Amino acid sequence: GMRFLLLFSRQGRLRLQKWFTPTPEREKKKIIRDMTTMVLARKPRSCNFLHWRDLKIVYKRYASLYFCLALEDQDNELLALEILHRYVELLDKYFGNVCELDIIFNFEKAYFILDEFLMGGEIQETSKQIVNRSIEASDMLQETMEEYMSKPAF
Amino acid sequence: MPAVSKGDGMRGLAVFISDIRNCKSKEAEIKRINKELANIRSKFKGDKALDGYSKKKYVCKLLFIFLLGHDIDFGHMEAVNLLSSNKYTEKQIGYLFISVLVNSNSELIRLINNAIKNDLSSRNPTFMCLALHCIANVGSREMAEAFASEIPRILVAGDTMDSVKQSAALCLLRLYKTSPDLVLMGEWTSRVVHLLNDQHMGVVTAAISLITCLSQKNPDEFKTCVSLAVSRLSRIVSSASTDLQDYTYYFVPAPWLSCKLLRLLQCYPPPEDGAVKGRLVECLETILNKAQEPPKSKKVQHSNAKNAILFEAISLIIHYDSEPNLLVRACNQLGQFLQHRETNLRYLALESMCTLASSEFSHEAVKTHIETVINALKTERDVSVRQRAADLLYAMCDRSNAKQIVAEMLSYLETADYSIREEMVLKVAILAEKYAVDYSWYVDTILNLIRIAGDYVSEEVWYRVIQIVINRDDVQGYAAKTVFEALQAPACHENMVKVGGYILGEFGNLIAGDPRSSPLVQFNLLHSKFHLCSVPTRALLLSAYIKFINLFPETKSTIQEVLRSDSQIRNSDVELQQRAVEYLKLSSIASTDVLATVLEEMPPFPERESSILAKLKKKKGPGAVSVSELEEGKREGGELNGGSDRGADTAAMAASNASTPSPQADLLGLRSTAPVGSAAPSAGSLLVDVFSEAGPATPSAAVNDDGFLRFVCKNNGVLFENQLLQIGIKSEYRQNLGRMYLFYGNKTSVQFASFTTTVSCPGDLQSHILYMQEHFVEPLVEGGAQVQQVLNIECLTDFCDAPLLNIKFRYGGALQNLTLKLPVTINKFFQPTEMASHDFFQRWKQLSQPQQEAQKIFKANHSMDTEVLKAKLLGLGTALLDNVDPNPENYVCAGVIQTKNQQVGCLLRLEPNAQAQVLSHTHTHTHTHTHTNLYSCL
């Protein structure tokens, strides 16, 4: 299974963290630090896999964001890359040409989309159509721009 | 402003995030956050009830602040309230907050569980999925207790929606991983297996993760899944790329499900049913064939998905290890990947080939790729790929190619990345030893290692070369000559000086015939390095010098001169000073015979598994070994009580007069039982005595009290040791209280699971004699790790029996069960009392009522050496009174036993006689029991 997924920028700013097993806060901070320094130090065109402790780290850069996934020993690295890719596709479909800012300002949506796709460190649904459909279904309460602007700004 | 999100964006949240982003400094950010926290707090506390939207927005802001790395200590209640909202988006934010910021507050958990329960029974699939996600995300014990029996029902119920089934399967998997004892197998298990036949591919994909995990733990119960998995796989593999519609990923049909099916099959041996097996072999062949077909797309996603299945199929082929034809095909396929332009594929091929190399069917086929792999080691730009290449070279090494591979690894070491040097050094050392045909090659290799990467040569490595040289006469002369030459280099590594000092000290005589390496030349060469070395090395060199005096009497005056110089004999380091003083004295007063006996050549070491190998196993999972891990490794290498400095090894080298080496002399004795640092010097001989009989290896449930008696007179040391486990003790007693530290060392490289220890007091010990309180240990003890436990002991009144320590753990699959007597004896609560002769005999006479007096004659089991006896009596805890008894042969002691209820004064007299029998006589206050109990100690 997967242990955690981190999204961070080229400057090492964390944009999303998902822990699939209970992890103490202090340990999380240490892992985040280790991952960002390790991955950011990699030269371009290196391979996308690393060993770290007893885990396999699979990472890939999409535009300004690094996606970094930790796997247990038995998991398949190549498919993990495609899990990252599929997640990017889902974000892209939802936001339309997703960029880092979308994830910053709509972090809760990024979590919800992830939850439709992965659960407890395993892949839940691999069909893009089905995931998109359930994300749309959960956006039942569509609102117009007018409604949005009429909300309080504090 | 960002693009407005679809759904129900929260404007206030967007404004806040944008404010934070506009902060120019960390301080400004903190200020803005504090302002927001104050605002939210006042809203939550305010009189006006908040509407759902505002509550959602503020909870979401808190979540954002927390994810920025700030602590959040309120808002949990509001989040829990959101769980019971009817609006999906509010509920969703509530669950997100709970999942990220789970609070162990039991009051809250009950409320959360209530909300989850409502949602699970709501029959609204989206609400049910949210609740299941929350359980999986939090995964706490309380949740498992509340829902572990409910979720299987949801999973197999006929009317459950597909999406809920998927969530239920994965939620159950998570609970099973964290609390397997709470997930009970039952009628549902057989129905879960049949989910492999489900029409909905998403359900199959989710269910198979659960089934794989359950099969690993209960293979028999789930073995029907094999044939189901094979037929499912066969249908996918033979389907056209469009058949599976949206489950086709970049023209590859159901890659995730295919990989999971192949992974599930790896939990079982090859199918016995011929038809099933035939179908599976066909699948594997098809997968291998497809790899040769032209790609259906140029996209990397296509090739990744396709190759993921291929690698998983190869893993299964390697796992079965029974189809030579498939194994060789797998090897050829990986061979192609070794030269692929994709770095990722080269990396995975190297990794996969490592496992292939250990199969007898494919070992030779793997070896044909040696040149490619060596080339990868030299030319790959990425260190993690080079690391895999080094691993593969190590795995494919055998007698036929060892010299080539070791040479390549050595030359690579000169430029290797710092992060992998230590591991490379270990690997070279192991290969050199394992495949050494002539030991001169072995010695050359290790000395080269030290020369090239001295800093990374750990103690285990140089201990090992010395051990091998000592055990093999045929290489000793060569080793002496080679180290002598190596030491000629103007700047040589300190590890070289250590090996050189040790070997010349033992075998310098073998090359002394050559005037170019005469005794004095050897000595001067060693001594020229002395001042550049650290204290432990200097200590080793001093021991080498005293050995020189024995080997070469003509060097005696020169060496004595050196020892006598202020820089040695007055050295500020105690260890060095002591050695200089003692060696100087030894060399001047001992006769040649005595010297020759004391400084005799080291006896051979017992053969045993190389500890270097154990170290490498422990280091598994290399790649990016972080600094902290390296430090950890060093710590683990340290001793039970941190007391085994190199001094113990080198001292033993100088004083190896025993016919078999004592454990301290064992250079490899990573786990050797070195004396505890705090032991009194006079107890030294006792310790040796005790340690020379290391605990036997009997992991049985019978009470093992071998270690027990040794602890009557001492408080620290090794209570028990076998091949798996070492138990050390440090204890201290004051008045009627004691504290005992137990150290459990896992000597293997494998984790101990379910490690539990229980202390029990047999008979009536617990009720009115001894009170013990223990701190528990963690249930997992990693390979090579040591865990500690503290026991508090209080002596209420005197007692005879000792408490029992029961240890249970799983090693591999086997349960180990061990019961030991804990060395808590009545004499531990002795307080020594000094008194003059007159007082002593006056009291002695006062205490001469029959029940106050006891006498016993017993045979001494050990020699009656005065110093030893004295040390033992002191160890007993009493004061040893000199000049009290008119007969100087007798020993007289006095002390008070401190218990909570009373104090028992105690006088003791030992009268040894020539037949090594001892008459002992005690007088105590009041208590008759005390005599018996004390005698049992004596």
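Keep in mind that what you see is a predicted model, and the values were worked out from it rather than measured. (Residues numbered from 1 in each chain as written. Chains lettered and ligands numbered in written order. Predicted model: local features only at pLDDT ≥ 70, side-chain atom pairs only at ≥ 80, totals over all residues. Heavy atoms only, no water.)

Participant: Please give an account of the overall build of chain B that cites residues and values.
Facilitator: A tally of helices and strands in chain B yields 41 helices and 17 strands. Here chain B holds 938 residues, and the buried ones make up 56% of them. Looking at chain B alone, contacts between residues at least 24 apart form 68% of all its contacts between residues at least 6 apart. Entry remark: accessible area of chain B is about 40500 Å², with carbon and sulfur atoms responsible for 51%. (Helix = DSSP H or I, 4+ residues; strand = E, 2+ residues; numbered from the N terminus. Buried < 20%, exposed > 50% of the residue type's maximum accessible area, 1.4 Å probe, protein only. Contact = heavy atoms within 4.5 Å. Areas by Shrake-Rupley, 256 points an atom, 1.4 Å probe, with all protein chains shown as cover.)

Participant: Please provide a residue-by-residue account of the overall build of chain A, values included.
Facilitator: When helices and strands are tallied, chain A shows six helices and seven strands. Element order for chain A, N to C, with α for helix and β for strand: β-β-α-β-β-β-α-α-α-β-β-α-α. For chain A, the proportion of contacts with a sequence separation of at least 24, taken over those separated by at least 6, is 48%. Looking at chain A as shown, the accessible area adds up to about 6400 Å², and 52% of this sits on carbon and sulfur atoms.

Participant: I'd like to hear about the confidence of the model for chain A, residue by residue, with values.
Facilitator: When the pLDDT values of chain A are averaged, the result is 89; 90% of them are 70 or greater. Within the model, pLDDT remains below 50 along residues 141–146 of chain A, and this stretch shows twelve contacts once partners closer than five positions in the same chain are excluded. (pLDDT = per-residue confidence, 0-100.)

Participant: Can you lay out the confidence of the model for chain B for me, pointing to particular residues and giving the numbers?
Facilitator: Residue and element names in this part refer to chain B. Residue-level pLDDT values for chain B average 81, and 83% of them are 70 or greater. Ranking the helices and strands of chain B by mean pLDDT puts helix α14 (residues 255–265) first, with 97, and helix α37 (residues 684–691) last, with 28. Across residues 1–6, where pLDDT falls below 50, the model places ten contacts with residues more than four positions away in sequence or in other chains. Model confidence for the complex: the whole-complex pTM is 0.67, and ipTM, which rates the interface, is 0.92.

Participant: Explain unusual backbone geometry residue by residue, including any values.
Facilitator: Within the chain, Arg53 of chain A stands out as a residue other than glycine whose phi angle is a positive 50°. For Arg53 of chain A, the position within the fold is in the loop between β3 (49–52) and β4 (55–62). We note that Phe251 of chain B has phi near 70°; this positive angle belongs to a residue other than glycine. Tracing the sequence through the fold places Phe251 of chain B in the loop between β1 (248–249) and β2 (252–253).

Participant: Describe the packing of helix α22 (residues 402–413) of chain B against helix α23 (residues 418–434) of chain B, and please don't skip the residues or the numbers.
Facilitator: Residue and element names in this part refer to chain B. Look at α22 against α23: their axes get within 10 Å of each other, and the N-to-C directions meet at 155°. In this view, α22 runs roughly antiparallel relative to α23, as classed from their interaxial angle. For α22 against α23, the interelement crossing comes out left-handed. Touching Ile405, Val406, Met409, Leu410, Tyr412 and Leu413 of α22 are Ile420, Arg421, Met424, Val425, Lys427, Val428, Leu431 and Ala432, all from α23. (Axes fitted to C-alpha atoms, helices over the stretch in contact; angles between N-to-C directions. Parallel < 35°, antiparallel > 145°, perpendicular 65-115°, else oblique. Left-handed = near helix turned anticlockwise from the far one by under 90°.)

Participant: Residue-level account of the interface of chain A and chain B, with values.
Facilitator: In this complex, chain A contributes 74 residues to the contact, which on the side of chain B involves 89 residues. Here chain A packs against chain B, burying approximately 7100 Å² in sum over the two surfaces, 55% of which is carbon and sulfur. Sorting the residues of chain A by area buried against chain B places His51, Phe105 and Met119 of chain A first, and these three jointly supply 11% of that buried surface. At the boundary of chain A and chain B, one finds two salt bridges. The residue Arg42 of chain A makes a salt bridge to Asp382 of chain B at a minimum N-O spacing of 2.6 Å. On inspection of chain A and its partner chain B, the count reaches 29 residue pairs in polar contact (both at pLDDT 80 or more). In terms of residue count, helix α2 (residues 77–95) of chain A provides more of the side of chain A that touches chain B than any other element does, ten residues in total. Here the residues of the side of chain A that touches chain B are counted per class, giving 30 nonpolar, 17 polar and 27 charged. (Buried area = accessible area lost by both parts, 1.4 Å probe. Salt bridge = Lys/Arg side-chain N within 4 Å of Asp/Glu carboxyl O. Polar contact = N/O pair within 3.5 Å; in protein donor to acceptor, adjacent residues only side chain to side chain. Nonpolar A, V, L, I, M, F, W, Y, C, P; charged D, E, K, R; others polar.)

Participant: Residue-level account of the side chain of Thr160 of chain B, with values.
Facilitator: Residue and element names in this part refer to chain B. Note on placement: Thr160 falls in the loop between α9 (150–156) and α10 (162–178). Judged by relative accessible area, Thr160 falls into the buried class, the value being 13%. Side-chain polar atoms of Thr160 contact the backbone oxygen of Ile154, separated by 2.7 Å. Apart from the residues within four sequence positions on either side, Thr160 is in contact with Ile154 and Lys165.

Participant: Which residues make up the side chain of Asn722 of chain B, and what values do they have?
Facilitator: Along the polypeptide, Asn722 of chain B turns up in the loop between β4 (717–721) and β5 (725–734). Engagement of the side chain of Asn722 of chain B in a polar contact is seen with the backbone nitrogen of Leu725 of chain B, the distance being 2.8 Å.

Participant: Give a description of the packing of α14 of chain B against helix α16 (residues 300–320) of chain B that names residues and reports values.
Facilitator: Residues and elements named next belong to chain B. Relative to each other, α14 and α16 sit at 10°, their axes nearing to 9 Å. Taken together, the axes of α14 and α16 lie roughly parallel to each other. Where α14 abuts α16, its residues Pro255, Ser258, Cys259, Leu262, Arg263 and Leu265 lie against Ala305, Ala308, Ile309, Glu312, Ala313, Leu316, His319 and Tyr320. Class assignment for the residues of the contact of α14 with α16 results in ten nonpolar, two polar and two charged.

Participant: Describe the sheet that holds strand β2 (residues 14–19) of chain A, with residues and values.
Facilitator: Residue and element names in this part refer to chain A. Taken in spatial order, the five strands of this open sheet run β2-β1-β5-β4-β3, and their pairing is antiparallel. The sheet is open, and its two edges are formed by β2 and β3, each paired on a single side. The mean inter-strand angle of the sheet, taken between neighbouring strand axes irrespective of direction, is 20°. Bridge analysis of strand β1 (residues 2–9) against strand β5 (residues 65–71) gives seven bridges, and the strand direction is antiparallel. Within β5, the position partnered with Leu5 by the bridge is Leu69. (Pairing = 2+ DSSP bridges.)

Participant: A description of helix α32 (residues 574–589) of chain B should follow, citing residues and the corresponding values.
Facilitator: Residue and element names in this part refer to chain B. Under the 1.5 Å per step criterion, the end-to-end length of α32 is 22 Å for 16 residues, consistent within 8% with the ideal 22 Å. Burial in α32 covers these residues: Leu576, Arg579, Ala580, Tyr583, Leu584 and Ser587. The buried residues of α32 all sit within an arc of 120° when viewed along its axis, so they share a single face. Seen from the buried face of α32, the exposed residues on the opposite side, beyond 90 degrees, are Val574, Lys585 and Ile589. (Expected span 1.5 Å × (residues − 1). Arc of directions from axis to C-beta.)

Participant: Give a detailed account of the pattern of salt bridges, specifying residues and quantitative values.
Facilitator: Residue and element names in this part refer to chain B. By the definition in use, this model includes 43 salt bridges over all chains. As a salt-bridge pair, Asp19 and Arg32 come within 3.0 Å of each other at their nearest N and O atoms. Of this pair, Asp19 sits in helix α1 (residues 11–22) while Arg32 sits in helix α2 (residues 26–45); the two residues are 13 residues apart in sequence, bridging distant segments of the chain. Taking relative accessible area as the criterion, Asp19 reaches 28% and is therefore assigned partly exposed. The salt bridge partner of Glu150 is Arg153, with a shortest N-O separation of 2.7 Å. A residue pair is termed a helical-turn pair when its members lie 3 or 4 positions apart in one helix, as Glu150 and Arg153 do in helix α9 at three residues. Connected via shared salt-bridge partners are Asp19, Arg32, Glu36 and Lys61.

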